[in-house]
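Each chain, letter by letter, is given below.
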Amino acid sequence: MTELIPRQSLATRLRNNFLTGLVICAPIAITIWLTWTFIRWADSWVKPYIPARYNPESYLQFAIPGFGLLTALILITLVGFLGKNLIGRSIVEFGDGLFNRTPLVRTVHKSLKQIFETVLKDKGTSFNKAAMIEYPSPGLWAIVFVATDARGEIASKFKAMGKDMVACFLPPTPFPTAGFLVYVPREKLVPLDMSAEDAAKLIISVGLVTPPEKALQLIEGEEPQRKAKSKKKS
């Protein structure tokens, strides 16, 4: 005899339909809201500095969302183009010198410039790898993003102690916008095969969103091949 599947009540079906609709609509609505908020924020910063004769909104009867953002992107690209030639570099150096001679301002300017230069120079290697470390105590594990090897005075201090340390960013859950800089011994890092994007999803979702099973199966299938290749090389 075949087992009869219990029929769901009307309230249960309505609840399931509502939850399914929420899963579909919520990400779309939040994405649109965040995008629209960012565009309006960029426009509010840029539009006041655009001369009226160059602003099409002065001739039209409606606002053009994103015009300020587009103008900012064009100006930044133009500045980058001019900064590569001799005259542009001279102007940039003059501006840097002016900022560096101004008290208080020079500290902020130097710090921000160093941060942007470091991030953009290492954009191909920084924060694109995820790993696990034992934190906050042995037996408990946390996910970190690998930034770079220890550098400068920090690296020399670690070298004097005979330690090979790696700078990592330890993000909190569920909002990884702020976190901790931790230096971890290289041998204590457990690298993850998942991408940094998948690791971020895992952190934001408090462990609910994990990498797709197909990706994990591919990784597990490639692991023996990797070990075989390493044995051949050795």
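Cut-offs applied
- Residues numbered from 1 in each chain as written.
- Predicted model: local features only at pLDDT ≥ 70, side-chain atom pairs only at ≥ 80, totals over all residues.
- Heavy atoms only, no water.
- Helix = DSSP H or I, 4+ residues; strand = E, 2+ residues; numbered from the N terminus.
- Buried < 20%, exposed > 50% of the residue type's maximum accessible area, 1.4 Å probe, protein only.
- Contact = heavy atoms within 4.5 Å.
- pLDDT = per-residue confidence, 0-100.
- Patch = residues over 30% accessible without salt bridge, like charges linked within 9 Å, V, L, I, M, F, W, Y side chains within 5 Å.
- Areas by Shrake-Rupley, 256 points an atom, 1.4 Å probe, with all protein chains shown as cover.
- Salt bridge = Lys/Arg side-chain N within 4 Å of Asp/Glu carboxyl O.
- Pairing = 2+ DSSP bridges.
- Axes fitted to C-alpha atoms, helices over the stretch in contact; angles between N-to-C directions.
- Core = buried A, V, L, I, M, F, W, Y, C linked by side-chain atoms within 4.5 Å.
- Parallel < 35°, antiparallel > 145°, perpendicular 65-115°, else oblique.
- Left-handed = near helix turned anticlockwise from the far one by under 90°.
- Nonpolar A, V, L, I, M, F, W, Y, C, P; charged D, E, K, R; others polar.

Undergrad: Sorry if this is basic, but what is going on with the overall build of the protein here?
TA: Looking only at helices and strands, one finds 7 helices and 5 strands in the protein. Start at the N end of the protein and walk to the C end: the helices and strands fall as α-α-α-α-β-β-α-β-β-β-α-α. Buried positions account for 21% of the 234 residues belonging to the protein. Taking the intrachain contacts of the protein between residues at least 6 apart in sequence as the baseline, contacts between residues at least 24 apart amount to 37%.

Undergrad: How do you make sense of the confidence of the model for the protein when you look at a structure like this?
TA: Any segment with low pLDDT has predicted coordinates that should not be analysed in fine detail. Mean pLDDT over the protein: 79, with 82% of residues reaching 70 or higher. Here residues 214-220 scores under 50 on pLDDT; set against residues more than four positions off or in separate chains, the count is 3 contacts.

Undergrad: Would you mind going over a nonpolar patch on the surface with me for this structure?
TA: Residues Leu75, Leu78, Phe81 and Leu82 make up a contiguous nonpolar surface patch of about 400 Å² in total accessible area. Mapping Leu78 onto the fold places it in helix α2 (residues 67-82).

Undergrad: Explanation requested: the sheet that holds strand β5 (residues 190-191) in the structure shown.
TA: Strand pairing within a sheet occurs via backbone hydrogen bonds; the two strands may be parallel or antiparallel. With respect to topology, 5 strands assemble into an open sheet ordered β4-β3-β2-β1-β5, the strand pairing being antiparallel. A strand with exactly one partner marks an edge of an open sheet, and here the two such strands are β4 (180-185) and β5. Pairing between strand β1 (residues 129-134) and β5: 2 bridges, direction antiparallel. Among the inter-strand pairings, Met132 is bridged to a residue of β5, identified as Val190. Along the sheet, helix α6 (residues 196-204) contacts β1 and β2 (141-149); its crossing angle with β2, the most-contacted strand, is approximately 145°.

Undergrad: Explain the pattern of salt bridges to me, please; I cannot follow it from the model alone.
TA: Proximity of charged atoms lets side chains of opposite charge pair with each other. Taken as a whole and judged by the stated rule, the model has 4 salt bridges. Glu57 is the salt-bridge partner of Lys47, the closest N and O atoms lying 2.4 Å from each other. Placement of the pair is Lys47 in the loop between α1 (10-46) and α2 and Glu57 in the loop between α1 and α2, with a sequence separation of 10 residues. By relative accessible area, which is 18% here, Lys47 ends up buried. The class of Glu57 is partly exposed, set by a relative accessible area of 21%. Its salt-bridge partner being Asp164, residue Arg186 comes within 2.6 Å of it at the nearest N-O pair. Here Arg186 is found in the loop between β4 and β5, whereas its partner Asp164 is found in the loop between α5 (152-160) and β3 (165-170), with 22 residues between them in sequence. Salt bridges sharing common partners tie together Asp149, Asp164 and Arg186.

Undergrad: How should the nonpolar core be read in this particular structure?
TA: If you look at soluble globular proteins, the nonpolar side chains tend to sit buried side by side. Among the nonpolar cores identified, the biggest contains 11 residues, and these are Ala131, Ile133, Ala142, Val144, Val146, Val166, Cys168, Leu170, Val182, Val184 and Leu189. Put simply, the parts of the chain that give this core at least two residues each are β1, β2, β3 and β4. Contact partners of Val144, with chain neighbours within four places excluded, come to Lys129, Ala130, Ala131, Ile133, Cys168, Phe169, Leu170, Pro171 and Leu189. Of all hydrophobic cores here, the second largest spans 8 residues; its members include Ala130, Met194, Ala199 and Leu202.

Undergrad: Sorry, what's going on with the environment of Val146 here?
TA: Within the secondary structure, Val146 is located in strand β2. Separated by 23 residues in sequence, Val146 and Phe169 place their C-alpha atoms 6.5 Å apart.

Undergrad: For this particular structure, what's the right way to read unusual backbone geometry?
TA: Working note: non-glycine residues mostly have negative phi, and peptide bonds are mostly trans. Geometrically, the link from Tyr135 to Pro136 is a cis peptide bond, its omega value of 5° lying close to zero. When you line up the elements, Pro136 lands in the loop between β1 and β2. For Val206, which is not glycine, the phi torsion reads 55° and is therefore positive. In this structure, Val206 sits in the loop between α6 and α7 (213-233).

Undergrad: Before we go on, may I ask you to explain the packing of α1 against α2 in this structure?
TA: Across the interface, α1 lies against α2 with an axial gap of 7 Å and an inter-helix angle of 70°. Accordingly, the angle class assigned to the pair α1 and α2 is roughly perpendicular. Judged by the sense of rotation from one axis to the other, the crossing of α1 with α2 is left-handed. Together, Phe38, Ile39, Ala42, Asp43 and Val46 of α1 and Phe67, Gly68, Leu69, Thr71 and Ala72 of α2 make up the contact between the two elements. In terms of residue class, the contact of α1 with α2 is built from 7 nonpolar, 2 polar and 1 charged.

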